Amino acid sequence: MAEGRSPASVPGGAPVISVRGVSKVFQVGKGEAVALQDADLEVRQGDFVSLIGPSGCGKTTLMRLIADLTEPTTGEIDVAGKTPRQAREDREYGYVFQAPVLYEWRTVLANVTLPLEIMGFDRSKRRERARELLRMVGLERFERSYPWQLSGGMQQRVSIARALAFDPKLLLMDEPFGALDEITREAMNLELLRLWQETRKTVVFVTHSIAEAVFLSTRIVVMTARPGRIREVIDVDLPYPRTAATRETPRFFELTTQVREALRGVEHGQGAAPSPRVAERSVGY
Amino acid sequence: MAAGGALRGVAAGRGAMTAAGRRALALVALTALGVAVAFAAVALQRGRPGAAGPLYWAALLGGLLLAVLAAARLSLQSAEDAADRAGAALVARLQRVLPVATVPFVLLLTWEGLVLGFRVPAGIFPSVASIGQALVRAWPVLVADAYLTFVREVLFGFALGLLLGFVTGTLIAFSTFLRRGFLPLATAFGAVPIVGLAPVLGRALGVDWESKAAVGVIVTFFPVVLNTVQGLTSVEPLKLELLRSYAARPLQGFLALRLPNALPYVFTSLKVAIVLTVVSVIVAEFLIPGPPSGLGQRISLSAHRGQFDVVFAAIFVSSVLSMLLYWTVQLLEHWLLAWHPSSRGG
Amino acid sequence: MARVKRALPVVVVVAFLLALMYPVALLLGMPLARARMGSVSNWVRETVAALPVADADAGGERLPFGGAGDVDERLAALARGTAVVVRGSEVLAAGVDLADGAAVLPSPLAGPAAELGPPLAPLPAPAGSPGLAGRLHRLPDAGLVGAPLYRDGRLLRRGSAPALERADGARRDFTVPGAGRRSGDAPAVAVVAGAALLEGEGFELEGDTLVFDAPPAFNAPVSLLTADYEVLDPAAGTVVLRDPLPPGSALRAARSHVALAEGLVGAVDGENRTFTLQHVPVLETDPARVLYLDDTPLSGAAERPQERVDGSQRTFTFPSDRGIVTVDGRELVAGRDYERAGDVVTFAAPPPRNAAVRQYPDYRVSDPNAGTVTLAVPPAPGQTVWAAAYTYYAHPACGETAFECFLGLPQHPVPFPHWVAERVVPFFTAYPFSDTRNVVRATLYTAAGTLVSLAFGTLIGVLLAVAFVRVKPFEQALLPWVIASQTIPVIALVPVLVAVLGNLGVTVQTSLVPAAIVGAYIAFFPITVGTVTGLRSVDPLALDLMKAYAASPLQSFLKLRFPAAVPYLFTSLKLGAAAALVGALVAEVESNNRLGLGYAIIGQVQAGDVADVWILLGISALLGIGLVSLVGLLQRLVAPWQRTGLAAGAEDG
């Protein structure tokens, strides 16, 4: 990847995801809960977009809507030019959950080949491909181990390898490093960037951590809760490749401050719909 | 006795022995001594006619008491007393082995000692020695009986019950209607005592081995169904979502996720079922009089004839075989479910 | 409404399972029914005799023989051209064709169709049975007993069907298959030991069952009149009519009559010797069988030789000087296998020792199943082989179809559900509550035994569990052996236990002690395991809290461990309850305790109504469920803070 500009600013990058006027309302008891209200978003080819916000801001909901794991109440979503359902059936994306969600009865290698088995890949090619990915995440020595023999971070790496196994254009990651301690997380961030630059995927990344969002992304989507909506989209112009040193630059600090203030409700720069209320904490999605 | 000798050999090979280790070994020796004294009392009394004298009782009870106390003292000994690791390891190993091993000796000697001491007639309660003799004497008959009971009736009933239970459980797991309709009934049917079931099956299928195998089928069926349903439906939601993100077909999901997920549950039910099947089949043999073969029939017939030594010999054979079956299932479980926390001792 | 919706699947499944019982009952029962049908000895025998002419005044070329339903059937079943018109033993016409139940003679009949004797004398109705007036008559000549009766020249059919059961002097109801099918409103007539009884005056008819007011005497033959009349007493010549004789009618016996007999099927060409009877299978030895060649009666008797068959004897002398010679049922060929010199037969090879050597002068039944008859001498063309009477196996006694026989099975493997439903009330009310045989009383007795055993088992189990938890080496040493002890089938120890208790002076037949001990033995193990798990289930942090309060071990135990263990205890108590019930039942059975439910169950294992067995199954199931629910109730009272663990039906979700 060339230094300097983030891939997102490649002109003519086609929109991989297009979210227009999407709302999601849940029936809770006798009332309704608005998980997401009027969301508009465009993610272009090669973007690394982070969704950040407090609990209940709808970031995970938005991810799940994109992934066709749930359906919008109103609005439209296009993924790779298709409906989310079609995109899911065509296996256009790989999903990484908050937990590794590995199958305990399968070895690490077998876990990575799981999607390949289901999608009907050639038997002889499956193991090779899985090995390749394990090498990419640095776990090639563990292919015959079982998940319980690995640490949390290693398990999550297997989960990422699995998501990349069938080479989808799009990677949806829902707080994949949330359960890890900060030190491991920073190492994983570097790993992830390396992978991203090697594979040139489009990534949508949900996180609670401002530092992580700034470090990884080309764009940050700041969301607020009650009702869940997109407040602002912040471009991150830090140069690539980013290293541990990047975290200590003044620009990094500026951007994290910008994001923090956006979360608190202070407006900045290129904005999306302003929210009249300060984001409240809420329990739930 | 041989164990004591072996241990002493091990100890001798170790060279310097800590006080704790020596104490443990001494206790082992005392236990062995107690057992030996009691055994000698019994052995000597056997050859002697007439009632047992006070010497006999003293030797018997004294020996047993010594063995029990020594074993108890050993098991209460704290392993941390040992100054060095070798001693601690030895003490720990002895603690694991000795008390458990002492129990059967004490029990059998108590039994034999009481029967011999009170000159209990064989028609009331047999002595351990006579049971051993009966075992040898009736061995061919017992083997034939065991074959009928365990292979024809238990294994066949168990296998068929497992198959039917698994298939039914799978069907129920995928139909909400069947689940709501069948599960309450399954629990209710499980409450039917075998004693009520045996006559029904005896009338329906005749007095031969088929009715008893049918008891096995039914007794296995219900736990397997319940556990299969639970296993197939207790899947972590995220694992299901993963498959959904792969646009997996229902059959793929079943084979890749639900089935392996259900295996631990099924095996739990299998362990319960195998023991239950053995007991139920034998009860059925008692209740459904048929041709005089099969361990249950053997026990019943011998009991009614007052041949209690044969009764106990048959009980012994039956117990050993049940334990073997249980261990086989457990072995199978460890082999197939190596990945499960329970196999790792977790 | 929601509750109905929840209950609906259960109801549907239960209904389905009940419906399933029907095909299963058939599946298991039909082979038994078929086996019963297949055994020829179970079949009803009927005698085929020559049919008397239906109209005594008939003449000309058409002689009527038909008129009654089954007779017409028989006539229709006759093979073409085999009808033989005879008078006595004289053949009038052979190979006669039948049309509409009438025989068409080649030439008009010479002489009357039937020559009738003087009228029968009517007998007065016996006292107490006025309805029999006009029905009882006596033959003027006792020699005419077997002769057909004609009323005003029309033939009356004789017939009755015997009851299936034997009279034992006490029995009052008898089954005559097909009795219910009697047509018309005319009262039925029963014949008991030569006396007639009219329906309503001595017995009632319900479907196929005759219910007598007074039980017939021991071994008295019981039958039901099925045709027009039946002979009551052959010696006295008395007959009973189904319908009373109208005034002015004459009832007369025929001194001679024309009859339609069955010819045997087979070519009459001077060479063929094999002929077939038309109703098969026939009896091998049949005293009623009379075959004729033209007007000569044929003897089917088997003659034995004078000499002993000792294996070396080759020459045998028979009473007759002709006939078929057989050795062990195989027909031998004259000239090849033997030489005949008058009544002396010399065999080529001596028959084996003790072989059956027979001579049949005229004919022998070579295959009873096929009804094949082999004549000694082939009939010449123009001769007629015909049967005046013979007996054959008509149909299975249990019924004419396999399904009828199925319904009539004395024991069904699996009952139809509605039979079980019908038996419920009689079963429960068979004995009053005070009688120890009353089912409800027995159930309560067993329940009491189970509860006692459960109490014992709980006591032992909890004590053992506490010991295991407090004294770790105790558990280490004993637990493997306790587990091993569970592999011993308890039922095996019960006889030993009963013997020991008996010797200790306990009256096991009326005692709860065996049930208590056995049930406790079975139940204590799950209770121990459950309590141990419960005692150990305490959150370590909570234990630390107790230490922070400087609580004594006893306080810690009572306030923390024990309450934590209670839910587990109750869960395993439920398991134990079901197990203890089995133990109590088994103990009752082995100790011959008549006071409990086990005795009732064991009595049904081989004999008795199969529906009762299913009712007992239901009772024992309800008892099990009831006990478990009782434990649940107790749990709610003692430990209401925990939901019951053992779910009666998983939540779907």
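Residues numbered from 1 in each chain as written. Chains lettered and ligands numbered in written order. Predicted model: local features only at pLDDT ≥ 70, side-chain atom pairs only at ≥ 80, totals over all residues.

1. Let's talk about the overall build of chain A
Scanning chain A for helices and strands turns up 8 helices and 9 strands. Nonlocal contacts in chain A, meaning residues at least 24 apart in sequence, comprise 72% of its contacts between residues at least 6 apart. (Helix = DSSP H or I, 4+ residues; strand = E, 2+ residues; numbered from the N terminus. Contact = placed C-beta atoms within 7 Å.)

2. Remarks on the domain arrangement of chain B
Domain boundaries in chain B define domain 1 (2-120) and domain 2 (135-338). Each of domain 1 of chain B and domain 2 of chain B has a C-alpha centre, and these two points are 40 Å apart. (Domains from an automatic or database assignment.)

3. Describing the interface of chain B and chain A
Between chain B and chain A, the residue contacts involve 13 residues of the former and 17 residues of the latter. Mapped by element, the contributors of at least two residues to the side of chain B that touches chain A are helix H10 (237-245) and helix H11 (250-287) of chain B. Per-element tally for the side of chain B that touches chain A: the top contributor is H10(B), with 6 residues. Its residues assigned to classes, the side of chain B that touches chain A shows 8 nonpolar, 2 polar and 3 charged. (Nonpolar A, V, L, I, M, F, W, Y, C, P; charged D, E, K, R; others polar.)

4. Observations regarding the confidence of the model for chain A
Averaged over chain A, the pLDDT score is 84; the fraction of residues at 70 or greater is 88%. Counting interchain partners and residues more than four positions distant, the pLDDT-below-50 stretch residues 267-285 of chain A has 45 contacts. (pLDDT = per-residue confidence, 0-100.)

5. Quick word on the environment of C:Ile615
Here C:Ile615 shows up in helix H12 (residues 610-638). Setting aside anything within four residues of it in sequence, one finds C:Ile615 in contact with C:Val420, C:Arg423, C:Val424 and C:Phe427.

6. Considerations on the interface of chain C and chain B
Opposite the 51 residues of chain C that make contact, chain B presents 50 residues. Put simply, the parts of the chain that give the side of chain C that touches chain B at least two residues each are helix H1 (2-38), helix H6 (472-485), helix H7 (490-503), helix H10 (553-590), helix H11 (597-603) and H12 of chain C. In terms of residue count, the dominant contributor to the side of chain C that touches chain B is H12(C) (10 residues). Split into classes, the residues belonging to the side of chain C that touches chain B amount to 41 nonpolar, 8 polar and 2 charged.

7. With respect to unusual backbone geometry
Across the junction of A:Tyr240 and A:Pro241, the peptide omega takes the value 0°, indicating a cis bond. Mapping A:Pro241 onto the fold places it in the loop between strand E9 (229-235) and helix H8 (250-264). Cis peptide bonds are those with omega within 30 degrees of zero, and the linkage from C:Val280 to C:Pro281 qualifies with -5°. Note that C:Pro281 resides in the loop between strand E22 (274-276) and strand E23 (290-293). One non-glycine residue, A:Asp167, adopts positive backbone phi at about 55°. Note on placement: A:Asp167 falls in the loop between helix H5 (152-164) and strand E6 (170-174). A positive phi angle, near 55°, is found at C:Asp328, a position not held by glycine. Take C:Asp328: it is sitting in the loop between strand E26 (324-327) and strand E27 (330-331). Under the C-beta neighbour-count criterion, C:Asp328 is labelled exposed, with 11 such atoms within 10 Å. (Buried ≥ 20, exposed ≤ 12 C-beta atoms within 10 Å, placed from the backbone.)

8. Digging into helix H4 (residues 123-136) of chain A
Residues and elements named next belong to chain A. For H4, with 14 residues, the first-to-last C-alpha span of 21 Å sits near the 20 Å given by 1.5 Å per residue. Residues of H4 that are buried in the fold lie against helix H3 (108-118) and H5. Directly after H4, the chain includes Gly138, whose backbone phi takes a positive value near 80°. (Expected span 1.5 Å × (residues − 1).)

9. A word on the sheet that holds strand E8 (residues 121-122) of chain C
Residues and elements named next belong to chain C. Pairing is antiparallel in the open sheet, where 4 strands are placed in the order E8-E9-E20-E19. Edge strands, defined here as strands with exactly one partner in the open sheet, are E8 and strand E19 (229-233). Where strand E9 (residues 136-138) and strand E20 (residues 238-241) come together, 3 bridges link them in antiparallel fashion. Its bridge partner being in E20, His137 is matched across the sheet by Val239. (Pairing = 2+ DSSP bridges.)

10. Let's talk about the sheet that holds E9(A)
Whether parallel or antiparallel, the strands of a sheet pair through hydrogen bonds between backbone atoms. Residues and elements named next belong to chain A. Spatially, E5-E6-E7-E3-E8-E9 is the arrangement adopted by the 6 strands of the open sheet, whose pairing is mixed. Strands at the two margins of the open sheet, each flanked by one partner only, are strand E5 (93-96) and E9. When the angles between neighbouring strand axes are averaged without regard to direction, this sheet yields 15°. Two strands pair when backbone bridges link them, and E5 and E6 are joined in this way by 4 bridges, in the parallel orientation. Within the sheet, the bridge partner assigned to Tyr93 lies in E6 and is Leu170. (Axes fitted to C-alpha atoms, helices over the stretch in contact; angles between N-to-C directions.)

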